[in-house]
Amino acid sequence: MSLQLIDPECIAIHEQEYTVVRRLDDGFYELQEKVSQHTWVISQREVIKLLQQGHLTLFGKRNHLPEDQENLVSRMLNLSHDDFFIMDVATRVVRVILALGHSVTNAARLEAGNNEWFKAYQKDPEAMKRCFKGQRDKKTDYKTFRRWIKKYLLSGKNSASLLPRHDCKGNRTRRVCPEALNYIHLVIELARRDKKTWKITQIQKKVREFIQADNEKQPKSLRLDYPSYDVINHEVKALTAYERAFISEGPEAVREDFRCILEQRIGEQALAYVEIDHTPLDIIIVDKAGNPIQRPYLTACICRNTGAILGFYIGLEPPSYLTASLALKLAMLPKPLSDEPGAKEWLMYGVPVILVVDNGAEFHSESFKRLTQAFGIDVRRCPRKTGWLKGAIERWFRTSNDQLIHTLRGTTLSNPNMRGEYDSKKHACITLDGLRRIFSYWVTNVYHQQYHRSLGTSPAARWAERMLIDHVKKVPDPDNLEPLLGDTQTDRALSHTGVNFANMHYNSPELNAMFREVGKTKVDFRYNALDLGRVWVIHPQTGEPIVANCSRPDYGPGMSLYLHKFLRDNAPRKGSSASIDELVRAYRHIADMELDEYNKTQTQRRMNARAARVAKDAKAAQKAQSTLAEGPAPNPPASDTETVRFQPTVRERGAYEIIGQ
């Protein structure tokens with residue numbers, strides 16, 4: 001509203017007189033109390049509210065009430081065309097004055113913009129009356145007008161009595177009994193403490209159950225009425241936005257929607273804040289024979305301050321300490337230059353200062369704790385389902401899928417709706433090794449070189465800039481990194497045969513010398529799950545790793561723990577004289593036999609299809625010859641199909657070569 005007080009004027013607020021000293025900016029006024037001479041500031045909104053409530057009285061420059069207070073009120077109110085509320089009040093005041101025969105000589109000019117609802121002319125009440133006849137307001141009923149005059153006279157000709165008191169209209173008391181409200185609040189409190197989502201109808205149903213149980217114990221005259229849907233909805237809306245969302249959406253959604261994100265970057269140094277995580281890639285890979293396998297998993301490390309990818313690992317193994325250790329190994333060691341043409345150097349490596357992880361089991365393992373303690377890495381664990389606390393790696397996973405994985409053949413895209421009728425398994429053609437080479441080339445030649453909006457430059461440029469300033473911690477002894485990255489086995493018995501792990505013995509002259517020194521005891525050792533050819537036994541006194549080789553050099557090197565357990569679990573347990581070597585050869589022979597049968601079946605199917613096409617072509621040719629012998633047919637119908645000659649594919653030609661050999 002637009003309300004202007006002309007200074008210096010006098011007003012009374014709660015029967016305390018003040019003087020309007022001056023008008024400030026943004027609709028504020030500086031008032032001075034006449035008795036204590038204290039000054040304070042009041043806003044237009046507060047003046048109008050006090051005027052509506054009848055707590056504010058307007059005086060002139062004199063210290064007593066003027067005889068015609070409405071004339072002074074009209075002079076002190078400067079209306080704009082948007083002030084519907086003040087316009088209504090001024091209209092009532094002037095019309096009551098005219099009805100009582102008061103003078104409007106000192107009335108101010110009241111305007112309503114281009115509409116010109118009414119104007120007050122000095123010493124011309126007839127013009128005022130004519131103007132009222134043309135105003136857009138509805139015709140006032142005579143009973144309403146008489147009520148205005150009565151209120152005006154009973155208030156001692158106070159214009160505040162004519163203010164519309166909309167705040168006093170309607171029913172102002174609650175129609176719901178307090179006992180029913182108590183049950184509503186009880187159910188709302190139960191919904192706030194529950195982890196599942198609640199709807200208004202569910203709250204209403206629960207409230208009715210409580211009231212019904214209470215009514216069964218009360219006489220008919222004291223039974224409570226069931227509250228309506230609107231009553232319960234009104235009580236729910238009285239809650240805070242957080243509480244309403246907690247009830248309707250659940251605690252997990254509320255924690256994400258109402259989270260507080262503050263500055264997470266720790267300085268500007270490279271490797272000061274590194275995030276690591278896992279994700280399945282949206283692509284299906286194939287084996288060397290071209291058969292689709294599954295979606296691989298990606299484990300990656302990213303430097304938040306520079307945006308650089310320090311290392312990654314792509315494999316078929318589910319997220320575990322093995323995948324995390326392999327990604328960290330690539331992140332901490334220098335990377336060799338790729339043999340791909342045009343490949344750029346991957347210069348980002350080093351030991352992280354702070355490593356941000358989630359609550360995966362691999363990050364709580366004893367092996368991971370020993371690895372981080374060995375390099376002095378500060379591990380920060382995020383609470384469950386708080387992916388925004390490591391948003392850099394989560395956002396990079398989406399970038400890798402959008403820019404690379406979703407453009408390759410065999411991609412599964414993000415969801416079935418996006419995939420549509422695209423057959424991912426049918427178009428899959430990339431092996432695991434090929435995907436690793438493609439991904440590495442994309443990281444070094446595309447991602448590290450393109451502009452990043454949050455960095456203001458590319459990750460490669462930011463890393464080169466920080467390398468001129470920062471001192472990056474590097475692995476002191478890369479040769480001894482593999483024992484530190486290996487998975488840990490604790491409390492293993494040491495004897496003259498060495499140590500036993502996965503039904504295989506590991507020993508060496510150095511380990512035997514340690515046995516002679518410490519005797520039979522419990523030791524810890526570390527191993528590489530992808531290569532069981534050797535383990536590293538930790539000296540119980542010095543803590544130095546001692547290499548122990550597998551007692552089966554023809555079997556252990558290159559054998560993964562997963563394949564070894566598979567062969568061991570599927571071997572005959574009783575009455576079997578087959579050795580592990582024989583079982584391995586048997587499984588390999590079975591795989592070769594399966595491949596031969598597959599090739600023979602596919603070849604036979606293609607030969608049968610070719611014979612069918614040749615027979616069909618011969619039948620068509622015979623039919624054409626018989627048609628020519630009978631004579632040309634008038635206007636023969638055009639054929640929708642044409643004869644397609646047999647052209648063997650690349651796979652068929654390879655199969656024919658194998659059969660020929």
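Up top is the structure.
Presented here is a report on the structure given in the accompanying data block. Just so it is clear, the model here is predicted, and its values are computed rather than measured.

### Describing the overall build of the chain
And step 1. Helices and strands together make up the secondary structure of the chain, namely 22 helices and 16 strands.
And step 2. By residue count, 40% of the 661 residues in the chain fall in the buried class.
And step 3. With the model as given, the accessible surface of the chain reaches about 40300 Å², and the carbon-plus-sulfur share is 51%.

### Considerations on the sheet that holds strand E12 (residues 499–501)
And step 1. Read from one edge of the open sheet, six strands run E11-E14-E15-E16-E13-E12, paired in antiparallel fashion. What marks the edges here is a single partner per strand, and that holds for strand E11 (487–494) and E12. For this sheet the average axis-to-axis angle between neighbouring strands, irrespective of direction, equals 40°.
And step 2. With five bridges joining them, strand E14 (residues 521–528) and strand E15 (residues 531–538) adopt antiparallel strand pairing. Paired with tyrosine 527 across the two strands is valine 535, which belongs to E15.

### Describing the nonpolar core
And step 1. In terms of nonpolar packing, the biggest core is built from 80 residues, with Leu310, Trp396, Leu435, Phe439, Tyr506 and Val537 touching the most fellow members.
And step 2. Counting residues per element, this core draws most heavily on helix H11 (residues 321–332), at eight residues.
And step 3. Ranked by size, the runner-up nonpolar core spans 19 residues in total, among them Ile184, Val207, Val231 and Ile247.

### What to know about helix H12 (residues 366–375)
And step 1. Of the residues making up H12, those classed as buried are Ser367, Phe368, Leu371, Thr372 and Phe375. All buried residues of H12 lie within an arc of 125° about the axis, which places them on one face of the element.
And step 2. Taken from the residues just after H12, glycine 376 is the one with a positive phi, measuring 65°.

### A closer look at the packing of helix H6 (residues 178–193) against helix H9 (residues 241–249)
And step 1. At their nearest, the axes of H6 and H9 sit 8 Å apart, and the two run at 75° to each other. By the angle class used here, H6 and H9 are roughly perpendicular. Mapping the contact onto sequence places Ile188, Ala191 and Arg192 in H6 and Glu243, Phe246 and Ile247 in H9.
And step 2. Of the residues belonging to the contact of H6 with H9, the class tally is four nonpolar, no polar and two charged.

### Re the pairing of strand E16 (residues 545–550)
And step 1. Bridge count for strand E13 (residues 504–507) against E16 is two bridges, and the pairing is antiparallel. Following the sheet pairing, tyrosine 506 is matched in E16 by cysteine 550.
And step 2. Where E15 and E16 come together, five bridges link them in antiparallel fashion. Residue tryptophan 536 lies in a different strand from E16, and its bridge partner there is valine 547.
And step 3. Once E15 ends, the chain turns through six residues before running back antiparallel as E16, passing glycine 543 with a positive phi of about 80°.

### What to know about the sheet that holds strand E6 (residues 274–280)
Two strands in a sheet stick together by hydrogen bonds in their backbones, pointing the same way (parallel) or opposite ways (antiparallel).
And step 1. Across the sheet, five strands lie side by side as E8-E7-E6-E9-E10; this open sheet has mixed pairing. Across the chains shown, the open sheet's two edge strands, defined by having one partner strand only, are strand E8 (309–315) and strand E10 (378–381). Looking at each pair of strands side by side, their axes are set apart by 20° on average, direction ignored.
And step 2. Pairing geometry for E6 and strand E9 (residues 354–357), over two bridges, is parallel. Looking across to E9, one finds that valine 274 is bridged to leucine 355.
And step 3. Lying over the sheet, H11 contacts E6, strand E7 (297–303), E8 and E9, oriented at roughly 145° with respect to E8.

Cut-offs used in this document
- Residues numbered from 1 in each chain as written.
- Predicted model: local features only at pLDDT ≥ 70, side-chain atom pairs only at ≥ 80, totals over all residues.
- Heavy atoms only, no water.
- Helix = DSSP H or I, 4+ residues; strand = E, 2+ residues; numbered from the N terminus.
- Buried < 20%, exposed > 50% of the residue type's maximum accessible area, 1.4 Å probe, protein only.
- Areas by Shrake-Rupley, 256 points an atom, 1.4 Å probe, with all protein chains shown as cover.
- Pairing = 2+ DSSP bridges.
- Axes fitted to C-alpha atoms, helices over the stretch in contact; angles between N-to-C directions.
- Core = buried A, V, L, I, M, F, W, Y, C linked by side-chain atoms within 4.5 Å.
- Arc of directions from axis to C-beta.
- Parallel < 35°, antiparallel > 145°, perpendicular 65-115°, else oblique.
- Contact = heavy atoms within 4.5 Å.
- Nonpolar A, V, L, I, M, F, W, Y, C, P; charged D, E, K, R; others polar.

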